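Next come the chains, spelled out residue by residue.
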Amino acid sequence: LNKNILQSKLNINNDSLTTISQIITKTFLETNISLKNNSKINTSISGSTCSSIILTQNRIISINLGDSRCVLGKYNKKNNIWLYKELTKDHKATDETERERVIKKGGKIMRIWDKEEGSVGLALTRSFGDDILSKKGVICEPDIKDFLLENDDKFIIIGTDGLWEYISNQECINIVKDFFLKNNIKGAGNYLYKEASKRWI
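Residues numbered from 1 in each chain as written. Predicted model: local features only at pLDDT ≥ 70, side-chain atom pairs only at ≥ 80, totals over all residues. Heavy atoms only, no water.

## Describing the pattern of salt bridges
Taken as a whole, this structure holds 15 salt bridges when the rule is applied. A salt bridge links D95 to K89; its shortest N-O distance comes to 3.7 Å. Its relative accessible area of 21% is what places D95 among the partly exposed residues. Note that D143 is salt-bridged to R126, the shortest N-O span being 3.9 Å. A residue pair is termed long-range when its members are at least 10 positions apart, and D143 in strand β10 (residues 143-148) and R126 in the loop between β8 (121-122) and β9 (128-129) qualify at 17 residues. (Salt bridge = Lys/Arg side-chain N within 4 Å of Asp/Glu carboxyl O. Buried < 20%, exposed > 50% of the residue type's maximum accessible area, 1.4 Å probe, protein only. Helix = DSSP H or I, 4+ residues; strand = E, 2+ residues; numbered from the N terminus.)

## What to know about the packing of aromatic side chains
A complete count under the given rule lists 6 aromatic pairs for this structure. Ring centres of W82 and F180 lie 6.0 Å apart, and the angle between their planes is 75°; on these two criteria the pair is classed as edge-to-face. With W82 in strand β5 (residues 81-86) and F180 in helix α6 (residues 169-181), this pair connects stretches of sequence that are 98 residues apart. When the ring of F155 is compared with that of F180, the centres are 5.4 Å apart and the planes differ by 50°; the resulting orientation is tilted. Linking F155 in strand β11 (residues 153-159) with F180 in helix α6, this pair joins segments that are 25 residues apart in sequence. Connected via pairs of aromatic rings, a cluster forms that spans Y75, W82, F155 and F180. (Phe/Tyr/Trp six-rings, centres within 6.5 Å; stacked < 30°, edge-to-face > 60°.)

## Brief notes about helix α2 (residues 17-38)
With 22 residues, α2 ought to run about 32 Å at 1.5 Å a step, and its terminal C-alpha atoms sit 30 Å apart, in line with that. Listing the buried residues of α2 in full gives I20, S21, I23, I24, T25, T27, F28 and N32. Of the surrounding elements, those touching the buried residues of α2 are α1 (2-7), β2 (50-55), β3 (59-65), β9 and β10. (Expected span 1.5 Å × (residues − 1). Contact = heavy atoms within 4.5 Å.)

## As for the sheet that holds β10
Within the open sheet, the 3 strands sit side by side as β2-β3-β10. Their pairing is antiparallel. Looking at which strands have only one partner, the edges of the open sheet turn out to be β2 and β10. Neighbour-to-neighbour, the strand axes of the sheet open up by a mean angle of 15°, direction not taken into account. Two elements, β2 and β3, share 6 bridges in a ladder whose sense is antiparallel. From the neighbouring strand, S52 faces β3, where its bridge partner is I63. (Pairing = 2+ DSSP bridges. Axes fitted to C-alpha atoms, helices over the stretch in contact; angles between N-to-C directions.)

From the geometry alone we can't say anything about function, so treat these as descriptive.
Encoded structure:
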């Protein structure tokens, strides 16, 4: 991504989201092709999500592929409350647009199954890899969103579904803010990992 940004002379601070999105999407497509053709990883029935943030002096650009998630922790000083804001949208078949694309391509919604392959299924609708299911509507094109960085924005949590399935957005913010106020970022990550693992077990 950095190489493509430099080659295109992109100005992350000032260029339009449309221009930035073109470079990011191009990078994701190139990455997917490279994984398929130049990697020792067998991507026919395996893949990965990708949630990322580009943070500048005045903007937050969120990039999401799959069901990992980026959540912003905000502090409302006037009311002395901590709030969350989702920076990404989960790519799951519960989303109408995602579901329609998969069905049109011949996928079956339970998880996403290839009717012919039978045993190949996926719980999300976008990913790197998962080549067999790319014929059934699973794509590697990310959602890209742009947000103005505000004074009450304090931290961002980036996590996989292994976190968000067990701890809600608001609960995550409530947990992390205590560590944030003590400047203990590592402690916050360790606590969330252990708590999500405990609930999963």
